[in-house]
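Survey of secondary and tertiary structure
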Amino acid sequence: MKAGVITFQGHNNDEVQAYLAQPEESAPIGGVILLHHMPGWDESSIEMTRKLAHYGYNAICPDLFHRFGEGEPDEVAAVARSQGGKADDEAVGDTDGAATYLRELANSNGKVGIIGFCSGGRQVVLVSSHLDTIDAAVDCWGGGVIAGGKWTISESRPVAPIDLTDNLNTPLLGIFGNDDPSPTPEEVNQHEQALKDAGKTYEFHRYDGAGHGFFDFDKPAYRPEQAQAAWGEIFKWYGTYLSS
Amino acid sequence: MRSEPMCNWIVEKAEMKGSGKGPEGWFDVNQANVYFDHPYHAPMDHSLIIDFVETPNQVGNRVAVELSEESARRLVTSILAALESGTNSHMAVVT
């Protein structure tokens, strides 16, 4: 594996820094974009990017907060949080740029998937409903797919992703803990019903005894059995849709 | 366990007047950003996070803490107690 920080052109052709991890593989392979969670472009996001490369994918994790300033990731994330987080149009544009970057790699097979956690999970649903350049999507406990309550529509987030379901262009895998307060099982049910009604290709996996962020092995939320099972579903999904 | 949604970008902001000591020394604190959500460093799923900042919309001087909910409530009690006892003791000296 080779890994390091690169830059690509994202929304508005802005330069976006990203962590890229690539298998030492010359044969064509698929690529995966990892959309990080609310705490930012942090160590756990980098480690999961490397995990994707370990399992045979060119993996890239853009710094989604790069427009909020330069500095240590936690400092930049603090500014991002104080300003309400990343705008949806920037998330779509930056992901599109990352997808182009992956497809232009010498060992790309032309297929690109995305995976997002927490706020990144919401962005996965959003991006998959705007772009037609993504071949497989994985939403890990994305809250705010449905607007209402504390999830409000705003200038920077003008549409709830569930309202874009008719435009979903990508097979969608959802990973959820049944103890999660955001999204709740009821919200996941609502999202699933919308996907069924629209005739979309999807699979949802829900795990008992798990809440929000149950992949995070440095947090009390970590659930090893459920995490292992869920990662298995993720790589099965990518095997189906990102293989040559 | 709280049943309210997290990862919601809700930040309570308070105007501040004072000083904070950051990585580059003392700086003027003019705002506190307070939220209960996922921490960056603390080994908790959620924490009460306070960012004391000098320039709210820029990366720069910041004093950050990430506290458990219980710790944060104890801190509120201690702050109020310190204000009362400190105020009383200084009034006693003056008078």
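The present account deals with the structure reproduced in this document. (Residues numbered from 1 in each chain as written. Chains lettered and ligands numbered in written order. Predicted model: local features only at pLDDT ≥ 70, side-chain atom pairs only at ≥ 80, totals over all residues.)

What to know about the overall build of chain B
Each helix and strand in chain B was counted, giving one helix and four strands. In sequence order, chain B lays out its α and β elements as β-β-β-β-α. When the 95 residues of chain B are sorted by exposure, 24% land in the buried category. (Helix = DSSP H or I, 4+ residues; strand = E, 2+ residues; numbered from the N terminus. Buried ≥ 20, exposed ≤ 12 C-beta atoms within 10 Å, placed from the backbone.)

Describing the overall build of chain A
Across its full length, chain A carries six helices and eight strands. Ordered by position from the N terminus, the helices and strands of chain A form the series β-β-β-α-β-α-α-β-α-β-β-α-β-α. Over its C-alpha trace chain A gives a radius of gyration of 16 Å, about what one expects of a compact globule, namely 18 Å for 244 residues. When its C-alpha atoms are laid out on the principal axes, chain A stretches across 45 × 35 × 35 Å. Relative to its full complement of 244 residues, chain A shows a buried share of 51%. (Rg over C-alpha atoms; globule rule 2.2 N^0.38 Å.)

Topic: the sheet that holds strand E7 (residues 172–177) of chain A
Sheet strands line up and pair through hydrogen bonds in the backbone, either parallel or antiparallel. All names here are of chain A. Spatially, E1-E2-E4-E3-E5-E6-E7-E8 is the arrangement adopted by the eight strands of the open sheet, whose pairing is mixed. The sheet is open, and its two edges are formed by strand E1 (2–9) and strand E8 (202–207), each paired on a single side. On average, each strand axis in the sheet is tilted by 20 degrees relative to the strand beside it, whichever way the strands run. Strands E1, strand E2 (15–22), strand E3 (29–35) and strand E4 (58–62) of the sheet are contacted by helix H1 (residues 43–54), whose axis makes an angle of about 50 degrees with E2. Its contacts with the sheet place helix H5 (residues 185–197) against E7 and E8, and it is angled at close to 165 degrees to E8. (Pairing = 2+ DSSP bridges. Axes fitted to C-alpha atoms, helices over the stretch in contact; angles between N-to-C directions. Contact = placed C-beta atoms within 7 Å.)

As for the interface of chain A and chain B
Across the contact, 33 residues belong to chain A and 27 residues belong to chain B. When residues of the side of chain A that touches chain B are assigned to their parent elements, the largest contribution, eight residues, is made by helix H2 (residues 73–82) of chain A. Residues of the side of chain A that touches chain B, tallied by class, amount to eleven nonpolar, 14 polar and eight charged. (Nonpolar A, V, L, I, M, F, W, Y, C, P; charged D, E, K, R; others polar.)

Regarding the sheet that holds strand E4 (residues 62–67) of chain B
All names here are of chain B. Strands sit in the order E1-E2-E3-E4 across an open sheet of four strands; the sheet is antiparallel. Each edge of the open sheet is held by one strand with a lone partner, namely strand E1 (12–22) and E4. Taking the axes of each pair of neighbouring strands and ignoring which way they run, one obtains an average angle of 25 degrees across the sheet. As judged from the nine bridges shared by E1 and strand E2 (residues 25–37), these two strands associate in the antiparallel manner. Along E2, the bridge assignment pairs Lys-21 with Trp-26.

Examining the pairing of E2(A)
Walk down a regular strand and you will see the side chains alternate between the two sheet faces. Residue and element names in this part refer to chain A. Most of E2 is tucked away, with six of its eight residues classed as buried. If you look at the hairpin formed by E1 and E2, you'll find five residues sitting between the two strands, and Asn-12 has a positive phi there, around 60 degrees. Sheet topology places E2 next to E4; four bridges connect them, and they run antiparallel. Looking at the pairing, Tyr-19 lines up with Cys-61 of E4.

Description of the pairing of strand E5 (residues 108–117) of chain A
Residue and element names in this part refer to chain A. The buried fraction of E5 is high, at seven of ten residues. Where E5 and strand E6 (residues 136–140) come together, five bridges link them in parallel fashion. Each residue of the ladder has a partner; that of Phe-117, found in E6, is Cys-140. This β-α-β element, E5 to helix H4 (residues 119–128) to E6, shows right-handed connectivity. (Right-handed = clockwise from strand over helix to strand, strands pointing away.)

Focus: unusual backbone geometry
All names here are of chain A. Cis rather than trans, the peptide bond between Ser-182 and Pro-183 has omega equal to 5 degrees. Inspection of the secondary structure assignment puts Pro-183 in the loop between E7 and H5. Of note in the backbone geometry, Asn-12 takes a positive phi value of approximately 60 degrees without being a glycine. With respect to the helices and strands, Asn-12 occurs in the loop between E1 and E2. Despite not being glycine, Cys-118 shows a phi value in the positive range, around 65 degrees. Considering the arrangement of structural elements, one finds Cys-118 in the loop between E5 and H4.

Some thoughts on the packing of helix H3 (residues 88–103) of chain A against H4(A)
Residues and elements named next belong to chain A. Axis separation between H3 and H4 bottoms out at 10 Å; the angle between their running directions is 75 degrees. With respect to their mutual orientation, H3 and H4 come out roughly perpendicular. Where H3 approaches H4, its residues Asp-88, Ala-91, Val-92 and Thr-95 are matched on the opposing element by Gln-123, Leu-126 and Val-127. Partitioning the contact of H3 with H4 into residue classes produces four nonpolar, two polar and one charged. (Parallel < 35°, antiparallel > 145°, perpendicular 65-115°, else oblique.)

Observations concerning the environment of Glu66(B)
Residues and elements named next belong to chain B. Within the element layout of this structure, Glu-66 appears in strand E4. Sequence separation of Glu-66 and His-46 is 20 residues, and the distance between their C-alpha atoms is 8.9 Å. Excluding residues within four positions of it along the chain, Glu-66 makes contact with Pro-39, Tyr-40, His-41, Ala-42, Ser-47 and Ile-49.

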